Each structure stands twice: as structure tokens, then as C-alpha cells.
Amino acid sequence: MISLFAPVKEGQCYDCNTSINPDSIYCSDCYNELITIRREKVEYFQSIGLSFPEACQKVAAIEEEETEEIKELFQ
């Protein structure tokens, strides 16, 4: 059984195990999907009444990222 917390091998995408540059974490397809999902989460929180900064802060907390990282997805 594979542990959910097993370290990712260097040079493999964190999500799909595709071979990638060892300095990267995700392949371009998985990275683009991740960005899209995070943007959609921000847009959802805005649709229920949160301001852009509040929505970014909420998504950052969920995704365990810095708020500025989430805001940069919209620049």
C-alpha cells in the first residue's frame, strides 16, 4: 500500500507522476489545473458576498498558501 505521505520522487509531478524538471513540483497540465481550481474558489467566495481580498484570504487558508500567492493568480 502506498502511503499518502510518501515523498514524491524528484523529477516527478506531485499529482500525476509525470517526469518533469527536478526543480518543479507539478507538470504544466497539473499546475494549470491547480491555478484554475484556485481561481474558481476565489470567484465562488466572491459570488457569495466576500470581497476579493477576503476571498483570496479564505482560499489561501484552505490551500495552505500565502494570501499574496492567491492574489497573484489574477494578475
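What you see is a predicted model; the values in this text were computed from it and never measured.

Considerations on the packing of helix α1 (residues 28–47) against helix α2 (residues 52–63)
- Put simply, α1 and α2 touch, their axes get as near as 8 Å, and they point 130° apart. Between α1 and α2, the crossing angle belongs to the class labelled oblique. Two packed elements cross with a definite hand, and for α1 against α2 that hand is right-handed. Between α1, through Leu34, Arg38, Lys41, Val42, Phe45 and Gln46, and α2, the contact on the second element is made entirely by Phe52, Ala55, Cys56, Lys58, Val59, Ile62 and Glu63.
- Of the residues that constitute the contact of α1 with α2, the class distribution is 8 nonpolar, 1 polar and 4 charged.

Considering unusual backbone geometry
- Phi at Glu64 takes a positive value of approximately 55°, unusual for a residue other than glycine.
- With respect to the element layout, Glu64 can be found in the loop between α2 and α3 (67–71).

Quick look at the nonpolar core
- Core analysis: the biggest nonpolar cluster contains 9 residues, these being Ile35, Val42, Phe45, Ala55, Cys56, Val59, Ala60, Ile70 and Leu73.
- Among the elements of the structure, α1 and α2 are those that each provide at least two residues to this core.
- Of all the elements, α2 adds the most residues to this core, at 4 residues.
- Apart from the residues lying within four places of it in its own chain, the contact partners of Cys56 are Val42, Thr67, Ile70 and Lys71.

Overview of the environment of Phe45
- Structurally, Phe45 is set in helix α1.
- Sequence separation between Phe45 and Cys56 is 11 residues; the distance between their C-alpha atoms is 8.5 Å.
- Look past the residues within four positions of Phe45 in its chain and what remains in contact with it is Leu50, Ala55, Lys58, Val59 and Ile62.

A look at the state of the cysteines
- In this structure the tally under the stated criterion is 0 disulfides.
- Not part of a disulfide, Cys13 finds its nearest cysteine sulfur in Cys30, a span of 3.7 Å.
- Note on Cys13: relative accessible area 0%, which makes it buried.

Some points on the layout of surface pockets
- As a volume, the second largest pocket reaches approximately 210 Å³.
- Lining of the second largest pocket is provided by Ile25, Tyr26, Tyr31, Leu34, Ile35, Arg38, Glu63, Glu65, Glu69, Ile70 and Leu73.
- Listed by contribution, the elements that provide at least two residues to the lining of the second largest pocket are α1 and α3.
- Here the residues of the lining of the second largest pocket sort into 7 nonpolar, no polar and 4 charged.

Rules behind the numbers
- Residues numbered from 1 in each chain as written.
- Predicted model: local features only at pLDDT ≥ 70, side-chain atom pairs only at ≥ 80, totals over all residues.
- Heavy atoms only, no water.
- Axes fitted to C-alpha atoms, helices over the stretch in contact; angles between N-to-C directions.
- Helix = DSSP H or I, 4+ residues; strand = E, 2+ residues; numbered from the N terminus.
- Parallel < 35°, antiparallel > 145°, perpendicular 65-115°, else oblique.
- Left-handed = near helix turned anticlockwise from the far one by under 90°.
- Contact = heavy atoms within 4.5 Å.
- Nonpolar A, V, L, I, M, F, W, Y, C, P; charged D, E, K, R; others polar.
- Core = buried A, V, L, I, M, F, W, Y, C linked by side-chain atoms within 4.5 Å.
- Buried < 20%, exposed > 50% of the residue type's maximum accessible area, 1.4 Å probe, protein only.
- Disulfide = S-S within 2.5 Å.
- 1 Å grid on protein atoms, 1.4 Å probe; cavity = no way out; pocket = protein on both sides within 12 Å on 5 of 7 lines; lining within 4 Å.
- Points joined across faces, edges and corners; volume = space filled by probe spheres on them.

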